[in-house]
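What follows is the residue order along each chain.
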Amino acid sequence: MKKDSIEQLFDRLNGHLDIAEPDTAHHARFLEKLQSVNGQEKPVRKITWWKPLAIAASVALIFMVTLSRNTDSEIRELADISPEMEETQAFFTQTIERELFEIQQQASPETQAIIDDAITRLTALETNYDKLKKDLSESGQDKRVIYAMISNFQNRIDLLQQVLEHLDAIKNLNDLRPSAI
């Protein structure tokens with residue numbers, strides 16, 4: 001069926017198709033144009049691999065630096081470990097805040113030196129705690145770091161309790177002095 005339709009097409013176009021051969025000058029002109037294009041060789045660009053490679057290396061380096069900064073900025077707290085640790089941290093933080101408030105309430109010119117010393121020691125413990133948070137971020141959930149963090153909280157509370165005891169002793173001494181005179 002297709003063969004018949006193709007034959008019909010050629011029969012219909014018979015006499016309308018250009019089947020004449022081009023003259024010899026046409027062939028010579030074509031070869032001349034072909035040689036002129038080949039004669040004007042376009043400069044072949046050398047692909048320098050070091051430039052794209054350097055760009056790729058730079059992008060990879062920037063990505064790695066950014067990734068490492070994101071990791072460093074992700075400092076973990078004791079509360080990030082588990083709900084129980086979150087409760088523990090909240091308890092210690094509230095206790096420390098409450099005792100600091102009591103110490104500030106009992107501040108007087110006689111007790112200011114003791115309070116300043118306690119604040120200095122408390123700041124040192126907080127700095128140590130910040131280092132422990134970094135250690136926790138780096139080590140995952142190392143139990144030694146967790147215990148050290150809890151111990152740090154306990155040391156801060158113990159320090160504040162000792163200061164409160166000293167302040168109470170000073171207050172008691174001051175209360176006894178006027179009555180003895």
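The coordinates are above.
Residues numbered from 1 in each chain as written. Predicted model: local features only at pLDDT ≥ 70, side-chain atom pairs only at ≥ 80, totals over all residues. Heavy atoms only, no water.

Asks: Help me understand the side chain of Arg 156, please; the structure alone is not making it clear to me.
Replies: Within the element layout of this structure, Arg 156 appears in helix α6 (residues 143-180). Judged by relative accessible area, Arg 156 falls into the buried class, the value being 7%. Side chain to side chain, Arg 156 and Asn 152 meet in a polar contact 2.9 Å long. Ignoring anything within four residues of it in the chain, the contact list for Arg 156 reads Ile 96, Leu 122, Leu 125, Glu 126 and Tyr 129. (Helix = DSSP H or I, 4+ residues; strand = E, 2+ residues; numbered from the N terminus. Buried < 20%, exposed > 50% of the residue type's maximum accessible area, 1.4 Å probe, protein only. Polar contact = N/O pair within 3.5 Å; in protein donor to acceptor, adjacent residues only side chain to side chain. Contact = heavy atoms within 4.5 Å.)

Asks: Sorry if this is basic, but what is going on with the pattern of salt bridges here?
Replies: Close approach of charged atoms allows side chains of opposite charge to pair. Counted by the stated rule, this structure contains five salt bridges. Between Lys 133 and Glu 77 there is a salt bridge, with its nearest N and O atoms 2.9 Å apart. Of this pair, Lys 133 sits in helix α5 (residues 112-139) while Glu 77 sits in the loop between α3 (50-73) and α4 (83-105); the two residues are 56 residues apart in sequence, bridging distant segments of the chain. Glu 77 gets classed as partly exposed once you look at its relative accessible area, which sits at 23%. For Arg 156, the salt bridge goes to Glu 126, with nearest N and O atoms at 3.9 Å. (Salt bridge = Lys/Arg side-chain N within 4 Å of Asp/Glu carboxyl O.)

Asks: Just checking my understanding: could you explain the packing of aromatic side chains for this structure?
Replies: Given two aromatic rings, their pairing is described by the distance between the two centres and the angle made by the two planes. Counted by the stated rule, this structure contains three aromatic pairs. A ring pair is formed by Tyr 129 and Phe 153, whose centres lie 4.9 Å apart and whose planes are at 50°; its orientation type is tilted. Of the two residues, Tyr 129 is situated in helix α5 and Phe 153 in helix α6; the sequence distance between them amounts to 24 residues. Phe 153 gets classed as buried once you look at its relative accessible area, which sits at 3%. Each member of the aromatic cluster is reached from another via a ring pair, and the members are Phe 91, Phe 92, Tyr 129 and Phe 153. In this structure, Arg 156 is placed above the aromatic ring of Tyr 129, and the distance from its NZ or CZ to the ring centre is 5.0 Å. (Phe/Tyr/Trp six-rings, centres within 6.5 Å; stacked < 30°, edge-to-face > 60°. Lys NZ or Arg CZ within 6 Å of the ring centre and 35° of its normal.)

Asks: Just to check I follow, could you spell out the nonpolar core for this structure?
Replies: As a rule of thumb, nonpolar side chains are buried together in soluble globular proteins. In terms of nonpolar packing, the biggest core is built from 23 residues, with Leu 78, Ile 103, Leu 136, Ile 146, Met 149, Phe 153 and Val 163 touching the most fellow members. At the level of elements, α4, α5 and α6 are the ones that each hand at least two residues to this core. The element that contributes the greatest number of residues to this core is α6, accounting for eleven residues. Each residue touching Ile 146, except ones within four places of it in the same chain, is listed here: Leu 78, Ile 81, Met 85, Leu 136 and Gln 141. (Core = buried A, V, L, I, M, F, W, Y, C linked by side-chain atoms within 4.5 Å.)

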